[in-house]
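Notes for the structure review
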Amino acid sequence: MRKRLLSGVALLGFAAAVPAGTAQAQESNLRWFGTVYMKFLDGNRNLQGGLASADTNPAREGGDQGQGTEVDLSLRSQVSRQVEVGARIQSRFSKNYWANGGGFGSDVSVDGNGQIVRGDEANPLSAQYVKLRGAFIRLTPGYDWLDSAFLGTNDMGQWDPFTVGKIRYIDRDNLAAVMLAGSAVEGQVKWDVARISLPRLWAGPGFGSGELFANDAAYVGQVKYAPSSTSNFTVIATQTFDGEVEADNDIRNGVDTRNRYSNTVGGLKGQYSGLPGVDMSFAAYYSNTDIKEDVCGTEWGGGCSFSPTLRKDADDFSVVANMEVASLFGSDFSLAVQAFHIGAEYNSLMAARRESDVLLTEGREGFWANHRPLYNAGSSPNGEVIYSIGYGGWNGHMDQVVSLATDNDLTDFDERAAESVLGWQGVTLVPRYSAGDLELQGEASFITFDSNWQACGGENFGTDCATFARNDNLRSWGVGGDFRSPYAPFQDKTLWIFALNGNYLLDVGNGVQLGGRVKYVKDKDNRVTGARFLEQAYNTIAFNGGNDTDAFGTTPAGFIAVNPDWAALPEAQRAVTSTSDDNRKADYWTVGGSAGYQLTDDFFARLVYEWQYVDLFDGTTNVRNPGLGFEGSNTFGYAEYMTGEHSANKFAVQASYFLSGFELGADVQYIDGKYSPEFRAGTGQTLQRAANGDIITPFGNISPNDVNFEVYRMKVFAKVQF
C-alpha cells in the first residue's frame with residue numbers, strides 16, 4: 001500500500017544513518033567503496049554526551065555538542081560465478097569529538113560510578129575505534145532446489161516487520177545468520193529459511209539471553225506463492241529459543257540444556273490487485289511466548305523479567321487489512337483504508353523496532369515524545385533526566401511498530417521517533433487528491449484499545465498486571481511523551497486522529513515549494529471505571545518513611561518517595577473517591593507551514609514554522625499513576641504533573657547542498673514554549689498548598705506559575721560516498 005505521499009515537516013529526511021554507499025565500479029573484481037560521514041551538533045542544553053540527541057544509556061547519554069567523524073569502508077568481490085564475498089569496516093562515534101583528539105587527550109573524566117566517561121583513549125566511547133561490522137559469503141551454486149545461500153551479517157529486510165523485522169541502522173551488522181533461498185514450480189513458489197544468532201540484550205534493558213548464549217538462535221522460514229501476476233500469498237513462521245545449561249556436576253556424558261525463553265510467531269499474508277485501480281492486502285499473525293520462570297526467576301529486574309518484553313507466558317494475534325482505490329469514480333481522488341487489530345499480548349521478540357512503520361496512521365506527534373519532560377524540576381543536574389532528547393522531541397509524527405523495544409536511542413531530533421502499538425485496534429481512512437502542482441492528503445483515524453481493561457483484566461493490578469513490563473502506564477499520562485511501554489493497569493481509552501497535509505509548487509522563479517499541515521488528536525481515557533478498583537489503584541500503596549513499594553509489591557534499590565509533603569497530608573486529602581477524578585482528556589493541535597526554494601543548482605533551503613498546542617486535564621491533584629514510584633522522582637523525571645495548557649512555536653531553517661559525491665544537510669531550530677499549569681482538587685477536597693504557595697501533589701510541590709522553554713538546537717552533516 002502506498003503510504004503518505006506527503007510527510008509534513010519531515011521534509012528533508014536528514015536521517016543520520018551511515019548508508020550502505022554507492023559502489024563505484026573499479027577495474028578489478030575486488031571493489032572498494034564506502035562513506036565518510038561527519039556530524040556537527042550544537043544546542044543550548046550544552047550536554048557533552050554522545051553525538052546523538054537521544055540516548056537513554058547512562059554511559060553515552062545524549063548530547064547536543066561536538067563534532068565527530070565516522071568511516072564506513074566496504075569491499076565486495078565476485079570470486080567466481082557462484083561465490084561472492086563482502087565485508088564492512090566501520091568506525092563509530094559516541095563521545096569521540098574532534099576536540100578530544102580521538103581520546104588522546106589526558107582530560108579524563110569519571111562519573112559517579114567511577115566509570116571513565118570521556119577523554120580516555122582506552123575508553124571505546126571516546127576513542128575512534130574501528131570494528132568489523134559486516135562480513136558475508138553468498139553462494140549461488142546453480143542447483144535446481146537452491147537459488148542462494150547466505151552466511152554472515154544481514155539487515156533482515158527480506159522478512160516481515162511482525163515476525164523478523166528489518167534491523168535499524170545502528171544494529172544492522174550485529175545480526176548474523178545462515179540463510180537459504182530457493183524456488184519451485186517455475187518460480188511461482190519461493191522459499192527462504194534462516195537461522196539467526198540471537199543477540200544478547202536484544203529486547204531491551206534487563207533482557208539477556210542468559211549465561212549460555214553462544215548458540216541461542218531464532219529460526220525463521222517463509223514460503224511465497226504467486227499463482228498469477230495479480231495475487232500472491234506468504235506463510236511465515238519464526239521460533240526463538242534461549243537455552244540454558246542444566247545443573248549437572250557429572251560432565252562425562254556432556255551437559256544437558258533446557259529452554260529458558262521461547263517465542264513463536266506465525267503469519268499469513270496475501271495481496272490481490274485483479275480489480276482495476278484497486279489493491280487489497282491482508283496479514284494475520286499469532287504469537288506465543290513461553291517463559292520458564294524457574295530458570296528466569298521472577299524477581300524485579302530478573303533476566304527475563306525487566307524489559308519491554310512480556311514477563312510471563314502469553315499468546316495473542318494481530319490482523320491488518322488494507323484497501324487502496326487509485327481513482328474514485330474516475331476523479332483525481334484516491335482513498336486508502338486500513339483496519340487493524342494488534343493484540344495487547346502479541347509478543348514478537350524479533351519484530352522490527354523502528355525501521356518499519358506498520359500502520360497507515362500518522363500517529364501522534366514526535367514533538368511531545370520527550371519521555372523525561374522536565375516540566376516540574378527543570379534542572380539539568382538531576383541525574384538521569386538529562387538523557388532524554390529534551391523539550392521539542394523529534395521532528396514530525398511518530399512511526400508505529402509492534403515491538404515492545406521501540407529503541408529510540410542513538411537518534412537525532414531531525415529523525416522520527418517510534419512507538420509500540422500493541423493493543424491498538426481501529427480504522428484509518430486516508431483520502432488523497434492530486435491535480436497539477438497541488439497535492440493533498442488527509443487522515444481520519446479512530447482507535448480503541450485491546451488493552452482497555454481494569455486491573456489488566458483481573459481483580460488486582462498488583463498481580464494481574466505482572467505479565468507486563470515494569471515501566472507501565474506512563475505513556476497514557478502527561479503529554480504522552482513516554483514511548484517505552486503501551487500498557488496501563490487501568491484503561492478505558494479512545495484516540496482520534498485527523499490530519500490534512502498539502503504541498504503546492506508556486507510558479508515563481510525556480511518554483512517555491514509550499515507545504516502546510518493541520519492536525520488534531522483527541523486522547524480520552526476514563527482509566528478506573530469501577531469504584532471498587534479505586535482503592536487498589538490509588539489508595540492502598542502507603543508511603544513508608546520516604547520509601548514506597550512498586551506495583552508488584554517489592555522495593556527496588558534506590559526507590560524514592562515521590563513527594564513526602566503529599567504523603568504527610570491527611571488521608572481525606574489524598575484519597576481518590578470518585579472515578580471521575582482520574583479521567584484524562586487531551587486535545588492536541590499542530591499547525592505548520594514551510595516554503596522551500598532552489599537557490600542555486602546545488603543549494604536548496606527551506607523555512608519551517610510549526611505551532612504545537614495541548615490542552616490537558618490529567619486527573620485531579622490527588623491522582624497519581626497506579627504504582628508510581630521512582631519514575632516520578634526528580635532524579636528520574638519519567639512522570640510529572642502536566643495538567644494545563646502547553647503551547648510552543650518552532651522555527652526551523654533546513655538546507656541541503658550537493659556536489660557530485662558530496663552532500664551537506666542542516667536543520668537549525670529555535671523553539672519557544674510555555675506551560676501554564678492548572679489545578680483541580682479531588683472530589684470533596686481542597687487544593688493543598690506548601691508554605692511558598694506551591695500546590696502539593698503526588699508528583700511534587702508544583703508552582704502555579706507559567707513555565708517557559710527556550711530551545712536552540714542544530715545538526716549539520718557532511719557525507720561523501722566513494
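Remember, predicted model here, so these are calculated numbers, not experimental data. (Residues numbered from 1 in each chain as written. Predicted model: local features only at pLDDT ≥ 70, side-chain atom pairs only at ≥ 80, totals over all residues. Heavy atoms only, no water.)

1. Some words on the overall build of the protein chain
Regarding its fold elements, the protein chain presents five helices and 28 strands. Every one of the 722 residues in the protein chain was classed for burial, and the buried ones make up 54%. Long-range pairs, those at least 24 residues apart, make up 69% of the contacts in the protein chain with a sequence separation of at least 6. In the form shown here, the protein chain has an accessible surface area of approximately 29300 Å², with 55% of it arising from carbon and sulfur atoms. (Helix = DSSP H or I, 4+ residues; strand = E, 2+ residues; numbered from the N terminus. Buried < 20%, exposed > 50% of the residue type's maximum accessible area, 1.4 Å probe, protein only. Contact = heavy atoms within 4.5 Å. Areas by Shrake-Rupley, 256 points an atom, 1.4 Å probe, with all protein chains shown as cover.)

2. Quick notes on the state of the cysteines
Overall, the coordinates contain one disulfide when judged by the stated rule. Across the disulfide from Cys 456 sits Cys 465; the S-S distance is 1.9 Å. Since a negative S-S torsion denotes a left-handed disulfide, the Cys 456-Cys 465 link at about 105 degrees is right-handed. Overall, the relative accessible area of 12% leaves Cys 456 in the buried class. Cys 465 gets classed as buried once you look at its relative accessible area, which sits at 1%. (Disulfide = S-S within 2.5 Å.)

3. Some remarks on a nonpolar patch on the surface
On the surface, a nonpolar cluster with roughly 410 Å² of combined accessible area is contributed by Ile 137, Leu 139, Leu 151, Val 178, Leu 180 and Val 193. Tracing the backbone through its elements, the reader meets Val 193 in strand β9 (residues 189–197). Accessibility expressed as a relative area gives 36% for Val 193, which makes it partly exposed. (Patch = residues over 30% accessible without salt bridge, like charges linked within 9 Å, V, L, I, M, F, W, Y side chains within 5 Å. Salt bridge = Lys/Arg side-chain N within 4 Å of Asp/Glu carboxyl O.)

4. Details of unusual backbone geometry
With a phi close to 50 degrees, Asn 46 is a non-glycine residue in the positive phi region. Here Asn 46 is to be found in the loop between β1 (30–43) and β2 (66–80). In this structure Asn 46 comes out as exposed when scored by relative accessible area, which is 52%.

5. Topic: the pairing of strand β8 (residues 176–184)
Here strand β7 (residues 148–153) runs beside β8; their pairing, made up of six bridges, is antiparallel. Among the inter-strand pairings, Leu 151 is bridged to a residue of β8, identified as Val 178. Sheet topology places β8 next to β9; eight bridges connect them, and they run antiparallel. Of the residues in β9, the one forming a bridge with Ala 177 is Ile 196. Linking β8 back to β9 in an antiparallel pair, the connection comprises four residues, with Val 185 at a positive phi of about 50 degrees. (Pairing = 2+ DSSP bridges.)

6. Some details on the side chain of Thr 69
Relative to the helices and strands, Thr 69 resides in strand β2. A distance of 2.8 Å separates the side chain of Thr 69 from the side chain of Trp 98, its partner in a polar contact. When near neighbours in sequence (up to four residues on either side) are disregarded, Thr 69 contacts Val 36, Tyr 37, Met 38, Ser 91, Phe 93, Asn 96 and Trp 98. (Polar contact = N/O pair within 3.5 Å; in protein donor to acceptor, adjacent residues only side chain to side chain.)

7. What about the nonpolar core?
Ranked by internal contacts, the top residues of the largest apolar core, which has 63 residues, are Tyr 391 and Val 402. Per-element tally for this core: the top contributor is helix α3 (residues 534–539), with three residues. The residues touching Val 402, leaving out its near neighbours within four places in the chain, are Pro 161, Phe 162, Ile 342, Tyr 346, Ala 351, Val 358, Ser 420, Val 421 and Leu 422. Of all hydrophobic cores here, the second largest spans 22 residues; its members include Ile 196, Phe 207, Val 220 and Met 350. (Core = buried A, V, L, I, M, F, W, Y, C linked by side-chain atoms within 4.5 Å.)

8. Points about the packing of aromatic side chains
This structure, assessed with the given rule, holds 30 aromatic pairs. Here Phe 490 and Phe 533 contribute two aromatic rings whose centre-to-centre distance is 5.7 Å and whose plane-to-plane angle is 55 degrees, an arrangement assigned as tilted. Residue Phe 490 is found in the loop between α2 (461–464) and β20 (493–506), and its partner Phe 533 is found in the loop between β21 (512–525) and α3; the two are separated by 43 residues along the sequence. Taking the centre distance of 5.1 Å and the plane angle of 10 degrees together, the rings of Tyr 641 and Phe 679 count as stacked. (Phe/Tyr/Trp six-rings, centres within 6.5 Å; stacked < 30°, edge-to-face > 60°.)

9. Overview of the confidence of the model for the protein chain
Looking at the protein chain, pLDDT values average 86 and 86% of them are 70 or higher. Counting contacts from residues 1–27, a segment whose pLDDT is below 50, to residues more than four positions away or on other chains yields 90 contacts. (pLDDT = per-residue confidence, 0-100.)

10. A closer look at empty space enclosed by the protein
Scanning the entire structure with this criterion turns up 15 cavities of 30 Å³ or more. Lining the largest cavity are 15 residues, with Arg 45, Ser 53, Asp 64, Ile 389 and Arg 713 sitting closest to its centre. Listing elements by their share of the lining of the largest cavity, those giving two or more residues are β1 and β28 (707–721). For the lining of the largest cavity, the element with the highest residue contribution is β28, accounting for four residues. Along the lines of polarity and charge, the residues of the lining of the largest cavity split into eight nonpolar, three polar and four charged. (1 Å grid on protein atoms, 1.4 Å probe; cavity = no way out; pocket = protein on both sides within 12 Å on 5 of 7 lines; lining within 4 Å. Points joined across faces, edges and corners; volume = space filled by probe spheres on them. Nonpolar A, V, L, I, M, F, W, Y, C, P; charged D, E, K, R; others polar.)

11. Things to note about the pattern of salt bridges
Evaluated as defined, the whole model comprises 28 salt bridges. In this structure, Asp 587 and Lys 585 form a salt bridge, with 2.7 Å as the shortest nitrogen-oxygen distance. Assessed through its relative accessible area of 9%, Asp 587 is described here as buried. Put simply, Asp 706 and Lys 674 hold a salt bridge, and the shortest N to O gap is 4.0 Å. Placement of Asp 706 in the loop between β27 (700–702) and β28 and of Lys 674 in strand β25 (residues 662–677) is noted, with a sequence separation of 32 residues between them. With relative accessibility at 42%, the residue Asp 706 sits in the partly exposed group. A network of salt bridges, in which partner residues are shared, links Glu 362, Glu 365, Arg 517, Lys 519, Glu 610 and Lys 650.

12. Details of the side chain of Asp 192
One can find Asp 192 in strand β9. Notably, Asp 192 is buried but unbridged: the nearest opposite-charge side chain belongs to Lys 224, and the N-O separation is 5.2 Å. If we ignore the near neighbours within four places in the chain, the residues touching Asp 192 are Trp 159, Leu 180, Ala 181, Val 220, Gly 221 and Gln 222. (Lys, Arg positive; Asp, Glu negative; His and termini not counted.)

13. Details of the environment of Val 71
Of note, Val 71 is situated in strand β2. Once the C-alpha coordinates of Val 71 and Val 36 are considered, the two residues, 35 residues apart in sequence, prove to be 4.7 Å apart. Among all residues touching Val 71, those that are not within four sequence positions of it are Thr 35, Val 36, Ile 89, Gln 90 and Ser 91.

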